[in-house]
Amino acid sequence: MSQVVAIEKKVAIVTGGSRGIGRAIVEELFFRGISVAAASNDPAGDEMAQELNTKSLTPEKLSVSHRIVDIADHAATQAFVDDIVKEHGRIDVLVNNAGVTKDGLLLRMSEADWDFVLDINLKGTFNMTKAVLRTMMSQKQGKIINIASVVGLTGNAGQANYAASKAGVIGFTKSIAKEVASRGINVNAVAPGFIETAMTGKLNDAQREAMLVTIPMKRAGKPEDIARVVGFLASPASDYVTGQVITVDGGMVM
């Protein structure tokens, strides 16, 4: 993880921030000198926040907090964001990272499995983004970073719901980027490839080998590979970057 101290105090929200890619993003932003409010449905996020709060490398008073939030619930996301604004007075970065899968061939996919994935992955991104926009617009600055997937670019048999949700996130990213660019708000997406997480850990050896064959670098990525790109997009170094989809996939999609 990068240990870079930010010049100005900032506040970030990271959804799905308790483990895997989300936790790596929380750590990356925190060690860049940004206070982070993580949201998830995982009580383990409380332990993550307590652990990181003992590791601040900067003289400023930074914090990591965690709250259980149903991001598919519009009212709940707005209440969460309102609480963060009340506590910190601002929101500089939003990372829409929370994501779920319910894989299956379309003929066997239930409506409930379709709705579950779209509600978290796509509607959750809509809910959180809408909730922070007024604050960012009043600040005349902000960074919104949506975690998509290479599957949203290529499709994948057995993942019609997941691929549709992530393709939707990509279209959403480009549309909102056009809406708010003149207000000083950057909106970008990161599309991870095959990353070592609990989600990909469910693959059997044959599925894993089949996946690695498609990657020119012949290895899986790590959550930190995604977090470092998010750190760049959250920093002033990306001020002239918006509406982009950055694939982090070892060359899987070219």
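Please refer to the structure higher up on the page.
K.L.:
Report on the overall build of the chain, specifying residues and quantitative values.
P.N.:
When you go through the chain residue by residue, the secondary structure sums to eight helices and seven strands. Relative to the compact-globule value of 18 Å for 254 residues, the chain shows a C-alpha radius of gyration of 17 Å, a close match. Counting only C-alpha atoms and orienting by the principal axes, one finds that the chain spans roughly 50 × 35 × 35 Å. Residues classed as buried in the chain amount to 49% of the 254 residues present. Nonlocal contacts in the chain, meaning residues at least 24 apart in sequence, comprise 74% of its contacts between residues at least 6 apart. As presented, the chain carries roughly 12,200 Å² of accessible surface, and 54% of it is formed by carbon and sulfur atoms.

K.L.:
Tell me what's going on with the side chain of Arg32, and back it up with residues and numbers.
P.N.:
With respect to the helices and strands, Arg32 occurs in the loop between helix H1 (20-31) and strand E2 (34-40). A relative accessible area of 17% places Arg32 in the buried class. Of note is the side chain of Arg32, whose polar atom sits 2.8 Å from the side chain of Glu28.

K.L.:
How would you explain the packing of aromatic side chains if you had to name every residue and give the values?
P.N.:
One pass over the structure, following the stated rule, counts one aromatic pair. Above the plane of the ring of Phe116 lies Lys102, whose end atom (NZ or CZ) is 6.0 Å from the centre.

K.L.:
Quick rundown of the sheet that holds strand E5 (residues 142-147)? Include the residues and the values.
P.N.:
Ordered in space as E3-E2-E1-E4-E5-E6-E7, the seven strands form an open sheet in which the pairing is parallel. The sheet is open, and its two edges are formed by strand E3 (64-68) and strand E7 (245-248), each paired on a single side. Geometrically, the sheet is characterised by an average inter-axis angle of 20 degrees between neighbouring strands, direction not taken into account. Note that strand E6 (residues 185-192) and E7 share four bridges and pair parallel. Paired with Pro192 across the two strands is Val248, which belongs to E7. Most of the contacts of helix H4 (residues 111-139) go to strand E4 (residues 93-96), to which it runs at about 175 degrees, and overall it touches strand E1 (10-15), E4, E5 and E6.

K.L.:
Residue-level account of the environment of Gly193, with values.
P.N.:
Tracing the sequence through the fold places Gly193 in the loop between E6 and helix H7 (205-213). In this structure Gly193 comes out as buried when scored by relative accessible area, which is 19%. In the structure, Gly193 is positioned 43 residues away from Val150 in sequence and 5.5 Å away in space, judged by C-alpha atoms.

K.L.:
How would you explain the pattern of salt bridges if you had to name every residue and give the values?
P.N.:
One pass over the structure, following the stated rule, counts 10 salt bridges. A salt bridge links Arg19 to Asp42, with the nearest nitrogen and oxygen atoms 2.6 Å apart. Taken together, the residues span a long stretch of sequence, with Arg19 in the loop between E1 and H1 and Asp42 in the loop between E2 and helix H2 (44-52) at a distance of 23 residues. On the basis of relative accessible area, Arg19 is assigned to the partly exposed category, the value being 49%. Residue Asp42 is classed as buried on the basis of its relative accessible area of 13%.

K.L.:
For the environment of Asp113, give the residues involved together with the corresponding values.
P.N.:
Relative to the helices and strands, Asp113 is located in helix H4. For Asp113, a relative accessible area of 25% gives the class partly exposed. On a C-alpha basis, the gap between Asp113 and Ala167 in space is 17 Å, while along the polypeptide they are 54 residues apart.

K.L.:
Before we move on, could you go through the nonpolar core and cite the residues and values that matter?
P.N.:
Membership of the largest hydrophobic core comes to 31 residues, with the highest contact counts inside it found for Ile13, Phe80, Val81, Val132 and Ile144. Put simply, the parts of the chain that give this core at least two residues each are E1, E2, helix H3 (74-88), H4, helix H6 (160-180) and E6. Top contributing element to this core by residue count: H4, with seven residues. Residues contacting Val81, with those up to four places away along its chain left out, are Ile13, Ile91, Met128, Ala131 and Val132. In terms of nonpolar packing, the next biggest core, distinct from the first, is built from 30 residues, Ile21, Met48, Val230 and Ala234 among them.

The rules behind these values
Residues numbered from 1 in each chain as written. Predicted model: local features only at pLDDT ≥ 70, side-chain atom pairs only at ≥ 80, totals over all residues. Heavy atoms only, no water. Helix = DSSP H or I, 4+ residues; strand = E, 2+ residues; numbered from the N terminus. Rg over C-alpha atoms; globule rule 2.2 N^0.38 Å. Buried < 20%, exposed > 50% of the residue type's maximum accessible area, 1.4 Å probe, protein only. Contact = heavy atoms within 4.5 Å. Areas by Shrake-Rupley, 256 points an atom, 1.4 Å probe, with all protein chains shown as cover. Polar contact = N/O pair within 3.5 Å; in protein donor to acceptor, adjacent residues only side chain to side chain. Phe/Tyr/Trp six-rings, centres within 6.5 Å; stacked < 30°, edge-to-face > 60°. Lys NZ or Arg CZ within 6 Å of the ring centre and 35° of its normal. Pairing = 2+ DSSP bridges. Axes fitted to C-alpha atoms, helices over the stretch in contact; angles between N-to-C directions. Salt bridge = Lys/Arg side-chain N within 4 Å of Asp/Glu carboxyl O. Core = buried A, V, L, I, M, F, W, Y, C linked by side-chain atoms within 4.5 Å.

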